[in-house]
Amino acid sequence: MNKINRRNFFKKAAAIASVAAVSTQNADSASTNILSDERMGVLVDTTVCIGCRHCEWACKEAHNIPAGQLDDYHDRSVFKKFRRPDETALTVVNEFENQKNKLSPIFVKAQCNHCDHPACVSACIVGAFSKFENGSVVWDGSKCIGCRYCMVACPFQVPTFEYNKAIEPRIMKCDFCIERTKQGMLPACVEICPMEVMTYGPRNEIIQLAKERISLYPNRYENYIYGEKEVGGTSWVYIGNKKMWEFGMPKLKLSPAPGVSESIQHGIFAYFVPPIALYSLLGGIMWLTKKRSDLEEE
Amino acid sequence: MEGLLPKPLKIKFFTPGVIILCLLALNGLIFLAMRFIFGIGSVTNLNQQYPWGIWIAIDVATGVALAAGGFTTAALSHVMNREYYHVVVRPALLTAMLGYTFVALGVFIDIGRWYYIWHPLIMWNPNSALFEVGICVMIYLTVLYIEFIPIVTERFIGRVNLPGILSIFNKVLDKLLRLLDKTLSKVMFIFFIAGVVLSTLHQSSLGTLMIIAGSKMHPLWQTPILPLLFLLSAIAVGFPMVIFESLIASRSFKLEPEMPVLRRLGSLVPLLLFIYLSFKIGDMVIRGTYVYLAEINIHSVMFMIEIILGVVIPLRMFMSRAVLNSPLWLFIASTLVVFGVFINRLNNFVIAYHPPYSVSPYFPSFGEISVTVGLIALLVLLYRAFVMIFPIISIPENSSSPGTLTNPIH
Amino acid sequence: MKNKTLIFVVIFIAVSGFIIGQNQIPKSKAGNKSKEIIVKPNDGHQRLPIECKRCHSCDFPTKKNPCLIACPRNELITIEHKPEEGPEYVILNNNGKRYGKVVFSHLIHAQMADISIGCDGCHHYNIAGPIEKCENCHKQERKRKDISRPDLTASFHRQCYSCHRDWSHSNDCSYCHLPIAKETKENIQKKMNNLIGKTHPEYVSQPKIIYETNFENGRLVTFNHDEHVKLFGLTCKTCHQNDRCTKCHDVDRTYDKPRKHDLKGQPFEVVHQNCITCHKDNSCNKCHMNEVKDKFDHKLTGFDLGKHHSKLPCDKCHTVMNLPNKLNPSCISCHTDFVTGKFNHKRTGLILDDTHKELDCESCHPSRNFAQKTVCSDCHDNYSYPKQKPGKSVTK
């Protein structure tokens, strides 16, 4: 309802401004942003991960990124450097020191957390990002213009860009394996994980599971579910023996990331009243001053 | 300003300065070609943590802000009907038109899929600040072109003279121009107002852009009133920018500076700067972010430069009679405001932005700087070409040509 | 009249209520007591965390009449059996897609578990009876409705890695799995052969460990490890439950042994957790002394074990391990069959002759204290045991 109204107003505004008529008939131009109660989620239990990086391999295989041999992923020297997901790896595992037991380092997998209120969906100039009913936040290459505003907006710094492509550079990010889940399969990383570090299920059950585990093993876990409330909640949530910002994740506010900018945006353009009011005001001033100067001339 | 009329300048195009500009532009174009052949990564230092660099901060954000002279003078001259300022309207309009063209060009080269730049026209996301900016800039650019049409018609009506075989169209084209002139003169007021409204909208939306970055932006700059600050600073920089370029132009084209007009424009600046400054300081006090000034780092230093050098000092200068009466001091004061807004935009889009996983800070590459400098050089060259072709700059009625140019600033 | 009846009725109800209440209290007390009395024989039964009725049909099963319920006895392998009773190896992961089979050395692991997590460290939630199949609880499919438990693959890996991570520092799959390409019968057989007859080396323990503490009234704590194992019959895992494998198996030896540092600043319960589970009623000075404590000497308790009792494990007499509770030192408090007519004197190595057979025990053993010297002088002058014997000596 809102959207339609605003669009109509936009049309009128365009007419007023006498812009050359532009077709606005594209039916699927608006992006989807559904926050379903049945959305799926993943619980990442960082106390279980052994850093085998099979998820990295499976992810690449599932997304047609050159992956190489699975056995090569057992190489632990990559952990010397802190890595982030990039255009060649949509998920990466990093190693962190475990203060409680130096022999068992902590491994933390990073990928898109699939926010409940995604900043990228809100920010994208052409609505190339959508949040679907199953919780996934997915990029649509047929719309994207490559402005990289999503990268500016994302609180987790997740979307990445193929800087070295001159034609059709893509925004690369975890898409919650939407193509696989559509066919009833699990996300590739969830499926391959030998330890089932990631538990896939409805998000409310996932949160419940996290709470159960924490209360069952209070010595094993820090009583904090990262992503339960961060930036309004994310589909992927983390538990561990410490709070996640000890493991390189950003400490974030609990309010949704797009909240402030959207309310400002909607304030400035509320049903186009402020712009039209300004237009009329200026018109009035113009008319008055014109009259005055005409009088002076006479 | 009796006796002054806008006329095409009859000057030599090439001077040593112009040749340097040409070289800079050529250098920029070479890197630009590389960007289109090998991708953005081959030219820029942008990475997965710093997606926006100086192409956005300078070419786009600063470009938009400094082209604000167009809408502030339009508001003053057309909306408020202050005929007095008409001499600066045309140069300001040209600056805005060229400025926004280059903003669009800046966006065009910065986005990865430049060939989809038209997508926002049909794919709408009203939640996106960038979408509002994009749409407004597109419409405003169109408005600016329409506003410029009367200058074209004035120049060419009765003088259409196409070479060779095309001369058969001369009459038709002439008629078309006359028709255009007639219609436009009746409806032009719509565009004047639309131009001001659109500018207000996108100047502020440009500020909304970085709000969604949330905690990724340093608290000295991250505030919910960013849109207001952007709008106020754009309004404040409008007149100084007009003064700045008018003084450069008159120096470059060997003309008498239009001091009476500039002085009056300059006297308006302190109020605008003061409003901007009070909101900026008030916001800082309310949010208590002055604590960040106690620690000496790039953020606090850049913030102080932006405020002291870019706002406080010129504010004081514009209040002084002596400054307003001296072309040199007026030029210095205007330059400071322009510099202040430039630093402000750079701060907002680059300095203040610190992504959670940045391993190394972003510093623009030689290629990036080359392209930015090259585009600015191109802009100045086009400006020079335009004032030679079209009646933009007002010169004394009886002289058709200013003295020969020997020592241009450019 | 009516009033009187009413008063009578009220009094009657009150009194009868009182009597009924009185009767009920002893009843419930008796019930409790009878539960306490039931003591499982100390032959492994004690460690079974189950009700007697699960296996026995009668209330008081004896060795002669165990009254076992009909169940598949030969399948009744409980988790409380000795490691050696389990299989030497188990072949896991029979349908692996990316990685081949695992020949799991069950025996060695069971022997290690015996000193640490116990069989139920892996075979958790297993009630007595057949070993539960893992897939009874852990589903084979990763995509499943009930996500509260990890799936089969994950639970296996989690079991392994809960120890292996600490010391192998490897996440190379081929550490356990045969690569699919090399998954031949010969290779599997080779792996199995390697495990046959292979056992974990015996654990060598210090007989006595002396701890230095910060406790002012007694800095030294002497822990007689030998006694606790040999005399008191504690199993390893009673105390070593929380030990990491790295205590022995840290291949890189990077693990700084936490014996002292780890306990610093910890709460009392954590520091003393291994001791206070049994010594909950003892004072500090039971263990904390200023000198090294000697071995436990039963003589000091007033009851010399002598040659007859010294070989017995403590819980033969102190059945519920309530050591401080003094037992009645008279022989017949335990040896209820030490009475005339019932006792077969042959057990002592002396067959009484016909004359002495008829006598009361007290005739030779004053006040039936069998620990004291036998008295002959009551009847015979100048006779003394064992110079003169009231019968014929035999070897026991």
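On a predicted model such as this, the values are computed, not experimentally measured, just so you know.

## Examining the overall build of chain C
Alright, step 1. When you go through chain C residue by residue, the secondary structure sums to 14 helices and 8 strands.
Alright, step 2. Burial analysis of chain C (396 residues in total) assigns 21% to the buried set.
Alright, step 3. Taken as a whole, chain C presents about 29,400 Å² of accessible surface, with 57% of it coming from carbon and sulfur.

## Considering the interface of chain A and chain B
Alright, step 1. With 79 residues of chain A at the contact, the number on the chain B side is 68 residues.
Alright, step 2. Both faces considered, chain A and chain B share a buried interface measuring about 6,400 Å² in area, 63% of it formed by carbon and sulfur atoms.
Alright, step 3. Area buried by chain A at its contact with chain B is led by A:Tyr149, A:Tyr163 and A:Met286, which between them contribute 11% of it.
Alright, step 4. Here chain A is connected to chain B by 2 salt bridges.
Alright, step 5. Taking the shortest distance from any N to any O, the salt bridge between A:Glu168 and B:Arg113 comes out at 3.9 Å.
Alright, step 6. Here chain A is connected to chain B by 30 residue pairs in polar contact (both at pLDDT 80 or more).
Alright, step 7. Put simply, the parts of the chain that give the side of chain A that touches chain B at least two residues each are α1 (2–16), α3 (119–123), α4 (149–153), β6 (160–161), α8 (259–268) and α9 (273–297) of chain A.
Alright, step 8. Residue composition of the side of chain A that touches chain B, grouped by class: 45 nonpolar, 20 polar and 14 charged.

## Overview of the interface of chain C and chain A
How big an interface is tends to be stated in terms of accessible area lost as the parts join.
Alright, step 1. Between chain C and chain A, the residue contacts involve 28 residues of the former and 36 residues of the latter.
Alright, step 2. For the pair chain C and chain A, the summed buried surface comes to about 2,400 Å²; carbon and sulfur atoms form 51% of the total.
Alright, step 3. For the pair chain C and chain A, the number of links is 2 salt bridges.
Alright, step 4. On the surface where chain C and chain A come into contact, there are 11 residue pairs in polar contact (both at pLDDT 80 or more).
Alright, step 5. Per-element accounting of the side of chain C that touches chain A gives the leading share, 7 residues, to helix α4 (residues 152–168) of chain C.
Alright, step 6. Residues belonging to the side of chain C that touches chain A are distributed by class as follows: 8 nonpolar, 8 polar and 12 charged.

## Looking at the pattern of salt bridges
Side chains that differ in sign of charge can pair as their charged atoms come close.
Alright, step 1. For the structure shown, the criterion picks out 23 salt bridges over all chains.
Alright, step 2. Here A:Glu179 makes a salt bridge to A:Lys182, at a shortest N to O gap of 3.6 Å. Of this pair, A:Glu179 and A:Lys182 both sit in helix α5 (residues 178–182), separated by 3 residues, roughly a single helical turn.
Alright, step 3. Shared partners join several salt bridges into a network, and the residues in it are A:Glu196, C:Arg142, C:Arg144 and C:Asp151.

## Side note on the sheet that holds strand β6 (residues 288–289) of chain C
The strands making up a sheet are joined through hydrogen bonds of the backbone, oriented either antiparallel or parallel.
Alright, step 1. Overall, antiparallel pairing links the 3 strands, which are arranged β4-β5-β6 (chain C) in an open sheet. Each of the sheet's edge strands pairs with one partner strand only, and the pair in question is β4 (209–212) and β6 of chain C.

## Looking at empty space enclosed by the protein
Rolled over the atoms, a probe as big as a water molecule pinpoints where empty space is left.
Alright, step 1. With the rule as written, the count across this model stands at 13 cavities of 30 Å³ or more.
Alright, step 2. Looking at the largest cavity, its volume works out to about 130 Å³.
Alright, step 3. The wall of the largest cavity is formed by 15 residues, among which B:Pro91, B:Ser246, B:Ala249, B:Glu258 and B:Ile393 lie closest to the centre.
Alright, step 4. Residue assignment for the lining of the largest cavity shows that the elements contributing at least two residues are α4 (86–110) and α8 (226–252) of chain B.
Alright, step 5. Looking at the lining of the largest cavity, the element that brings in the most residues is α8(B), giving 5 residues.
Alright, step 6. Taken together, the residues of the lining of the largest cavity break down into 10 nonpolar, 2 polar and 3 charged.
Alright, step 7. Put simply, the second largest cavity is a space of about 100 Å³.
Alright, step 8. Together, 15 residues line the second largest cavity, and A:Cys49, A:Cys55, A:Cys193, A:Val197 and A:Met198 are the ones closest to its centre.
Alright, step 9. Taken together, the residues that form the lining of the second largest cavity break down as 11 nonpolar, 2 polar and 2 charged.

## Focus: the state of the cysteines
Residues and elements named next belong to chain C.
Alright, step 1. What the rule picks out here adds up to 0 disulfides over all chains.
Alright, step 2. Cysteine 287 takes part in no disulfide bond, and the closest cysteine sulfur to it belongs to cysteine 275, at a distance of 5.8 Å.
Alright, step 3. For cysteine 287, a relative accessible area of 25% translates into the label partly exposed.

## With respect to a nonpolar patch on the surface
Residue and element names in this part refer to chain B.
Alright, step 1. On the surface, a nonpolar cluster with roughly 680 Å² of combined accessible area is contributed by Ile296, Val301, Met304, Ile305, Ile308, Leu309, Val312, Ile313 and Phe339.
Alright, step 2. Among the elements that make up the nonpolar patch, the one with the highest residue count is helix α11 (residues 298–318) (7 residues).
Alright, step 3. Inspection of the secondary structure assignment puts phenylalanine 339 in helix α13 (residues 327–351).

## Some words on the side chain of C:Asp151
Alright, step 1. Along the polypeptide, C:Asp151 turns up in the loop between α3 (119–122) and α4.
Alright, step 2. The class for C:Asp151 is buried, based on a relative accessible area of 2%.
Alright, step 3. From its side chain, C:Asp151 meets the backbone nitrogen of C:Ala154 in a polar contact 3.0 Å long.
Alright, step 4. Beyond its immediate stretch of four places on either side in the chain, C:Asp151 contacts A:Glu196, C:His138, C:Lys139, C:Gln140, C:Glu141, C:Arg142 and C:Arg144.

## A look at the packing of helix α2 (residues 54–66) of chain B against helix α14 (residues 366–389) of chain B
Residue and element names in this part refer to chain B.
Alright, step 1. Running from amino to carboxyl end, α2 crosses α14 at an angle of 10°, the nearest separation of the two axes being 10 Å. In terms of orientation, α2 and α14 fall into the roughly parallel class. Where α2 approaches α14, its residues Ile54, Trp55, Ile58 and Asp59 are matched on the opposing element by Glu368, Ile369, Val371, Thr372 and Leu375.
Alright, step 2. Its residues assigned to classes, the contact of α2 with α14 shows 6 nonpolar, 1 polar and 2 charged.

## Here's the deal with the packing of α11(B) against α13(B)
Residue and element names in this part refer to chain B.
Alright, step 1. Orientation of α11 relative to α13, taken along the N-to-C sense of each, is 155°, at an axis distance of 8 Å. In this view, α11 runs roughly antiparallel relative to α13, as classed from their interaxial angle. Taken as a pair, α11 and α13 cross one another with a handedness that is left-handed.

## Points about the sheet that holds strand β3 (residues 177–179) of chain C
Residue and element names in this part refer to chain C.
Alright, step 1. Across the sheet, which stays open at both edges, the 3 strands sit in the order β1-β2-β3 with antiparallel pairing between neighbours. The sheet terminates laterally at β1 (90–92) and β3, the two strands that pair on one side only. Looking at each pair of strands side by side, their axes are set apart by 30° on average, direction ignored.
Alright, step 2. Inspection of the sheet shows strand β2 (residues 99–104) paired to β3 by 2 bridges, in the antiparallel sense. Within the sheet, the bridge partner assigned to valine 102 lies in β3 and is histidine 177.

## Some thoughts on the confidence of the model for chain C
Alright, step 1. With 74% of its residues at a pLDDT of 70 or more, chain C shows a mean pLDDT of 74.
Alright, step 2. Scored below 50 in pLDDT, residues 255–261 of chain C shows 9 contacts in the model against residues more than four places distant or in partner chains.

## Focus: the nonpolar core
Soluble globular proteins: nonpolar side chains tend toward being buried together.
Alright, step 1. Counting 201 residues, the largest nonpolar core has A:Tyr149 and B:Phe349 as its most contacted members.
Alright, step 2. In this structure, A:Tyr149 is in contact with A:Ala123, B:Trp52, B:Ser128, B:Ala129, B:Leu130, B:Thr208, B:Leu209 and B:Ile212, ignoring residues within four places of it in sequence.
Alright, step 3. Membership of the second largest hydrophobic core comes to 11 residues, among which are A:Leu43, A:Leu209, A:Ile225 and C:Ile147.

## Considerations on a negative patch on the surface
Alright, step 1. On the surface, a cluster of negative charge is made up of A:Asp71, A:Asp72, A:Asp75 and C:Asp172.
Alright, step 2. By the element assignment, A:Asp72 lies in the loop between α2 (54–62) and β2 (92–96).
Alright, step 3. Taking the relative accessible area as the measure of exposure, A:Asp72 reaches 53% and is therefore exposed.

## Considerations on the pairing of strand β1 (residues 40–45) of chain A
All names here are of chain A.
Alright, step 1. Buried residues dominate β1, accounting for 6 of its 6 residues.
Alright, step 2. Alternating residues of β1 divide into Met40, Val42 and Val44 and Gly41, Leu43 and Asp45, and every residue in both groups is buried.
Alright, step 3. The sheet contact formed by β1 and strand β8 (residues 198–202) spans 5 bridges and is antiparallel. Within the sheet, the bridge partner assigned to methionine 40 lies in β8 and is proline 202.
Alright, step 4. In this structure, β1 lies alongside strand β9 (residues 236–239), joined through 4 bridges in parallel fashion. What sits directly across from leucine 43, in β9, is valine 237.

Calculation notes
- Residues numbered from 1 in each chain as written.
- Chains lettered and ligands numbered in written order.
- Predicted model: local features only at pLDDT ≥ 70, side-chain atom pairs only at ≥ 80, totals over all residues.
- Heavy atoms only, no water.
- Helix = DSSP H or I, 4+ residues; strand = E, 2+ residues; numbered from the N terminus.
- Buried < 20%, exposed > 50% of the residue type's maximum accessible area, 1.4 Å probe, protein only.
- Areas by Shrake-Rupley, 256 points an atom, 1.4 Å probe, with all protein chains shown as cover.
- Contact = heavy atoms within 4.5 Å.
- Buried area = accessible area lost by both parts, 1.4 Å probe.
- Salt bridge = Lys/Arg side-chain N within 4 Å of Asp/Glu carboxyl O.
- Polar contact = N/O pair within 3.5 Å; in protein donor to acceptor, adjacent residues only side chain to side chain.
- Nonpolar A, V, L, I, M, F, W, Y, C, P; charged D, E, K, R; others polar.
- Pairing = 2+ DSSP bridges.
- 1 Å grid on protein atoms, 1.4 Å probe; cavity = no way out; pocket = protein on both sides within 12 Å on 5 of 7 lines; lining within 4 Å.
- Points joined across faces, edges and corners; volume = space filled by probe spheres on them.
- Disulfide = S-S within 2.5 Å.
- Patch = residues over 30% accessible without salt bridge, like charges linked within 9 Å, V, L, I, M, F, W, Y side chains within 5 Å.
- Axes fitted to C-alpha atoms, helices over the stretch in contact; angles between N-to-C directions.
- Parallel < 35°, antiparallel > 145°, perpendicular 65-115°, else oblique.
- Left-handed = near helix turned anticlockwise from the far one by under 90°.
- pLDDT = per-residue confidence, 0-100.
- Core = buried A, V, L, I, M, F, W, Y, C linked by side-chain atoms within 4.5 Å.
- Lys, Arg positive; Asp, Glu negative; His and termini not counted.
- Charge placed at Lys NZ, Arg CZ, Asp CG, Glu CD.

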